[in-house]
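# Structure at a glance
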Protein chains: 2
Amino acid sequence: MSVAIGEWLQQWMQKRSGEPAYRQLYRLLRQAILEGRLGPGARLPSSRQLAADLSVARNTVLQVYEQLAVEGYVSAATGRGTFVEDISHDLPVRARPVEHRQGAGPRAAASGPRLSERGRRLMSSLGYSDRQYGAFMAGVPDVSAFPARQWMRIQNRHWRMMRPELLSYAPSGGYPPLRQALSEHLGATRSVTSHAGQVVITSGIHQAIDVAVRLLCDVGDRVWIEEPAYWGIRNLMVSQGLEVVGIPVDAQGINPRGHDLLHPPRLIIVTPSHQYPLGMVMSLARRRRLLEYARQHGCWILEDDYDSDFRYGGRPLPSLQGLDEAGLVIYAGSFSKMLFPGLRVGYVVVPERLAGPFASAVAELFREGQLITQSVMADFLREGHVTSHMRKMRSRYAARRACLIESVHARYGTALRIVGDKAGLHLVLALPRTADDVAICRTAYQRGIMARPLSSYYLLPERAQKGLVLGYAGVPEADIPNAFTVLADVIDTELRKS
Amino acid sequence: MSVAIGEWLQQWMQKRSGEPAYRQLYRLLRQAILEGRLGPGARLPSSRQLAADLSVARNTVLQVYEQLAVEGYVSAATGRGTFVEDISHDLPVRARPVEHRQGAGPRAAASGPRLSERGRRLMSSLGYSDRQYGAFMAGVPDVSAFPARQWMRIQNRHWRMMRPELLSYAPSGGYPPLRQALSEHLGATRSVTSHAGQVVITSGIHQAIDVAVRLLCDVGDRVWIEEPAYWGIRNLMVSQGLEVVGIPVDAQGINPRGHDLLHPPRLIIVTPSHQYPLGMVMSLARRRRLLEYARQHGCWILEDDYDSDFRYGGRPLPSLQGLDEAGLVIYAGSFSKMLFPGLRVGYVVVPERLAGPFASAVAELFREGQLITQSVMADFLREGHVTSHMRKMRSRYAARRACLIESVHARYGTALRIVGDKAGLHLVLALPRTADDVAICRTAYQRGIMARPLSSYYLLPERAQKGLVLGYAGVPEADIPNAFTVLADVIDTELRKS
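In this report, the structure presented in the accompanying data block is examined. The structure displayed is predicted, hence computed values, not measured ones.

### Here we look at the pattern of salt bridges
All names here are of chain B.
- Inspection of the entire model under this criterion finds 38 salt bridges over all chains.
- Asp-142 is the partner of Arg-396 in a salt bridge, and the nearest nitrogen-oxygen pair spans 2.9 Å. With Arg-396 in helix α15 (residues 385–412) and Asp-142 in the loop between α6 (117–123) and α7 (148–161), this residue pair connects regions lying 254 residues apart in the sequence.
- Take Arg-396: its relative accessible area is 32%, and that puts it in the partly exposed class.
- Owing to a relative accessible area of 2%, Asp-142 belongs among the buried residues under this scheme.
- One salt bridge in this structure joins Arg-411 and Asp-489, with 2.6 Å as the shortest N-O distance.

So this is what it looks like as structure tokens:
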């Protein structure tokens, strides 16, 4: 038998000359044992003999045997040789009849376990884009303008200090000085009422919603989102097993009526400062009504204040949270639009009685860290770099917005309507009801222009308005007219088809 | 009426002299409108008159009126004055009778909405620690030894390049060169078979499990975890609505029998290289049996390879993933133990057919970013700093482990047993069945020593072994004997009680 192994190995080893002898021999012997060609109790050739058969150094064979022994495939009995171990199951496997048993190769794998139902739903409704930068990517600020030198200066200061406690897992809630700085910043800029203990650092809106949903909603609970709404929220909800109900927005914001009011949700997610993606501001009357409804029916409200810092005419409205006296509003924001999305630092400001649960839940479910990044962020905020960067960006984005609108007007006059307040990082170009905005975006993408179909932001297809969500913040003014021309050519071609 | 407002405001403003007049006036007027003391249509005093009544600058009053107008509380009719707006509900709120309606203050809030059922369960079983560094914190490496200079050098290089595409949201899967580098590194060190497309970057084990569970399990599905197991997994599962079944481990690892084998789970989570927290290695026979069982019954396996790189005698066993030919194993790891936990960079290596779904799900559910950190990490890995750091740490941790064992022996001889292979960052000090390991840890924490009760790692109390999980990696040898003396005094006091 020993000789047979040697010959068989010799055959195989000649075939694959690129691989080092050690790895080849190890792989082939292991495979033979796993496949049962070398059964339990079989004796391996002596290292001396096998080395001669294969024309390899004896040490190579010894090392392979040792490795196989360490891994439990073989055992060496001193003076008697090396024997294959019994690696079969130590308890009988209770197998139900299985249809495809011939081999565990790719075919068997294809008929193996599958995605979960919610996993398949998620895969069939993906919203993220493969590209995340360029004209007219929505939701992305001008990251090239980020004051990297200031950031590096502070970053190097913190790395040089290298406090061990900042390199370990984070205590719950995040880096305390950042929580303090945010409490002050949001109080001054967004009329958010809080103390530092109510501020919990997150990795962004997605994590904020994910944690809120687990803390506040059980599987099967109803959640209201705006119709239309940010696509990312929907999939998060569905993957958490919730019933998602879209509540239409009008010029004053979310507008629940009749049937919906009779079935209160556990949680209401709104964008009061700048509706996403349509861009209106929720009126004060609507805010009061929403808060009162929530108070009476025991609903939580999550206020997604994603880009309220960018408003180009008039002052921004204060947050909904600042009006909340019953402790129902979870205020969520991030530095993604103010600074850059890749930073992945966000925050929630929660009612007093949720402060402990939120901090604990983030710590428990996600094991926080990145305290160095948070410490850099805290200093960056306290030293005023966020404020001065936003001031610069505000005038830059206002100019880009004006430039895009001018391009639209130059091409279409008033034939296509522009939707959205003078605010934020995007606008919506409304299209006729008959337009196929999905097809337009697909074709535009092939020509290097990103746009999101407005219809894809709706839960119910029959409610879907047609249009294009166009981000302008990241596009230099010089590029806007040409990029829009490319897009407009696609629009015109597609509109002629419909 | 105007005079009345002026007088009333005067009264109030005198009471709180610390607040600037502008903010005070704004706050009081807004409050009066919200509470209905200034009803719809009420005319505010002229700015001139109110300024005189309150002895403030007229400009202050004008600014407050303007702010209130921007926010929709009042409107100015040119030449006629400033009037309170109708901020009541624009549609009748359909209120069910509510018990506590008197005021929306703290009392009402206390009877408002509550945490979800799963939120309450999560809050009642928190496992994370408020402190994350010091003797004998388990699961934390010696972060003070991290080669920060090398890291900063690479980090500054990438920040100086400041490629905009690294500052935006990440495309799905993570930074491609890091995926490539990891595929090679894990192939060489852990016998993980993959190409770069199968590697998906995560923020750590928690995120890996969270995504796996949503992609692979529906609400109510059964998941097997080891008994005992890492506490963090349990809460993640429960918050995702899964049925968690603990399968006892023996000297060879997870050992499902009888009843359990008849009820196959959707997902099996194991720590084959170094069982957490008990420290044994899963035998080859057990690995083969597990893979075969999973193949026959359509189960997925998640291999949590959390600290396998630290083994102080003999070579580490290759990964379970490397044995998997049916494409059932999701291999998960992170740099938390190799480098530092606060980095929050982890990875999964998934079977070919899950590569797309995993990359998409992480992108969709969490909106990735931190590509700069990932690009630094890629270079740090490729330049060999991970390998050389681990080599240094291996001998350091081996010495610390030996030192802790020596302290145990010096105090207890063989009276208390040490559990766990010569590997990892912690060991388990076994205690008698009658010991109250929870009380010991609580008292030790008050004396500045962290230890985790072994019993808290079990799902079923009747199975719980008693002991202390002690991390030694982050504790300098010079500190170990004294820290252990403090702990041992607590142990002895508590054991006398039991």
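### With respect to the interface of chain B and chain A
- Each partner contributes residues to the interface: chain B has 130 residues there, and chain A has 130 residues.
- Both sides together, the interface formed by chain B and chain A hides about 11600 Å², and carbon and sulfur atoms give 56% of it.
- The tally of links from chain B across to chain A stands at two salt bridges.
- Between Asp-210 of chain B and Arg-214 of chain A there is a salt bridge, with its nearest N and O atoms 2.9 Å apart.
- Seen at the junction of chain B and chain A, the total is 44 residue pairs in polar contact (both at pLDDT 80 or more).
- For the side of chain B that touches chain A, the element with the highest residue contribution is helix α12 (residues 284–297) of chain B, accounting for ten residues.
- The residue makeup of the side of chain B that touches chain A, split by class, is 66 nonpolar, 34 polar and 30 charged.

### Some points on the sheet that holds strand β12 (residues 426–430) of chain A
- Pairing is antiparallel in the open sheet, where four strands are placed in the order β11-β12-β14-β13 (chain A). Looking along the sheet, the strands with just one partner apiece sit at the ends: β11 (418–419) and β13 (452–453) of chain A.

### Focus on the relation of the copies chain B and chain A
- You can overlay chain B on chain A at an RMSD of 0.2 Å; the transform is a turn of 180° with a shift of 0.0 Å along its axis. The transformation just described matches what one would write down for a two-fold rotation axis. Closest to the rotation axis within chain B is the C-alpha of Gln-240 of chain B, separated from it by 3.5 Å.
- Residue by residue, 100% of the interface of chain B is reproduced at the interface of chain A, so both copies engage with the same surface.

Reading the values: rules and limits
Within each chain, residue numbers correspond to sequence positions counted from 1 in written order. Think of it this way: whatever chain is written first is A, whatever ligand is written first is 1, and the rest follow in order. Note on the predicted model: pLDDT of at least 70 is required for a residue's local features to be given, and 80 or more for side-chain atom pairs to be given and counted; whole-chain, interface and lining totals, by contrast, use all residues. Values shown for side chains rest on all heavy atoms present in the structure; no hydrogens or waters enter the calculation. Only one rule defines a salt bridge in this text: a Lys or Arg side-chain nitrogen within 4 Å of an Asp or Glu carboxyl oxygen. A run of H or I in DSSP counts as a helix once it spans at least four residues, and a run of E counts as a strand once it spans at least two, with each numbered from the N terminus. Each residue is placed in one exposure class: buried if its accessible area under a 1.4 Å probe, protein chains only, is under 20% of its type's maximum, exposed if it is over 50%, and partly exposed if it falls in between. Contact criterion: two residues are considered in contact whenever any of their non-hydrogen atoms come within 4.5 Å of each other. What gets called buried area is simply the loss in accessible area from a 1.4 Å probe that two parts show on being joined, summed for both. Polar contact criterion, stated in full: a pair of N or O atoms within 3.5 Å, where within protein one must be able to donate a hydrogen and the other to accept it, and residues adjacent in sequence count only if both atoms are side-chain atoms. Side-chain classes follow a simple rule in which Ala, Val, Leu, Ile, Met, Phe, Trp, Tyr, Cys and Pro form the nonpolar group, Asp, Glu, Lys and Arg form the charged group, and the remainder, Gly included, forms the polar group. When DSSP locates at least two bridges between a pair of strands, those strands are taken to pair. C-alpha atoms of residues with pLDDT of at least 70 in both copies form the basis for the least-squares superposition of the copies.

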